[in-house]
Every structure is written in C-alpha cells, then in structure tokens.
Amino acid sequence: ASATNVSILTGAPTNNTLPLIVENSASSTIASAKIVLAKSGFASTILTNACGFAYFGGLSVGTYSATVSATGYATTTFPNIDVAGQAAIMTLVLP
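Just so you know, these numbers come straight off a predicted model, no measurement behind them.

Moving on to the sheet that holds strand β4 (residues 53–56). Here we have 3 strands laid out as an open sheet, ordered β4-β1-β7, and mixed in their pairing. If you trace the sheet from one side to the other, it starts and ends with β4 and β7 (90–94), each paired once. On average, each strand axis in the sheet is inclined to that of its neighbour by 30°, with strand direction left out of account. Both strand β1 (residues 18–24) and β7 contribute to a ladder of 5 bridges, which runs parallel. Opposite E23, over in β7, you have V93 as the bridge partner.

In structure tokens:
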C-alpha cells in the first residue's frame, strides 16, 4: 500500500495571509520549493509541501517579494506582491 500526504488548514486564518502554489511552465506543482518572502525589515522562509503549496500567515500589510528556488529550476524573484487581508491563492510559475 502507498501512503498519501494530505495538508489541511484548520482554524480561522489571520488577517493578512498569503497562500502560494509553485508550479513549472507545464502547470505541474513543485514540492520542496524554497520560498523566501521579504519586505523591508522582514524575511520568512517556507518550503512547499508535496502539493506545491505554502502558506504565510500573520503578515503585516505591505508589498513583498517572493524569491523561489527549486532543484532543476532557475531561482526566480516575484516582486510587488501586495498583502492586505486574506489574499486569494497566488500561483508562482518557475521557468
């Protein structure tokens, strides 16, 4: 039998959140991609789960950049990500 990992978010989300999915150009999700979310005076690093999903919560309102790296892909920075409230899921595509 094979095992399946499932991620479930429970509880109320914080006021300022940023859920992300990392994909390649073929729309396949990328597991274990490293995401560094940053803005002046702040940086946080999270790895995507087996489904290519990452969740940043408890953020302050502002404009962030996300630098994403994964084995076999070029490290890519996505600038000007505005966070104010509960954001919709954003997809970041690595070349």
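Having seen the structure, we can now continue with the description.
Moving on: the nonpolar core. One finds L18, I35 and V68 to be the most contacted residues of the largest nonpolar core, which totals 19 residues. Elements that contribute at least two residues to this core include exactly β1, β2 (34–39), β4, β5 (62–69), β6 (76–83) and β7. Other than its neighbours up to four places away in sequence, V68 contacts V22, A33, K34, I35, A74, T75, T76, F78, L92 and L94.

Below, the discussion takes up the packing of aromatic side chains. Tallying each qualifying case throughout the model produces 1 aromatic pair. Centroid distance F42 to Y64: 5.8 Å. Interplanar angle 85°. Geometry classified as edge-to-face. Of the two residues, F42 sits in strand β3 (residues 42–47) while Y64 sits in strand β5, which places them 22 residues apart along the sequence. Look at Y64 and you get buried, because its relative accessible area is 2%.

About the criteria used
Residues numbered from 1 in each chain as written. Predicted model: local features only at pLDDT ≥ 70, side-chain atom pairs only at ≥ 80, totals over all residues. Heavy atoms only, no water. Pairing = 2+ DSSP bridges. Helix = DSSP H or I, 4+ residues; strand = E, 2+ residues; numbered from the N terminus. Axes fitted to C-alpha atoms, helices over the stretch in contact; angles between N-to-C directions. Core = buried A, V, L, I, M, F, W, Y, C linked by side-chain atoms within 4.5 Å. Buried < 20%, exposed > 50% of the residue type's maximum accessible area, 1.4 Å probe, protein only. Contact = heavy atoms within 4.5 Å. Phe/Tyr/Trp six-rings, centres within 6.5 Å; stacked < 30°, edge-to-face > 60°.

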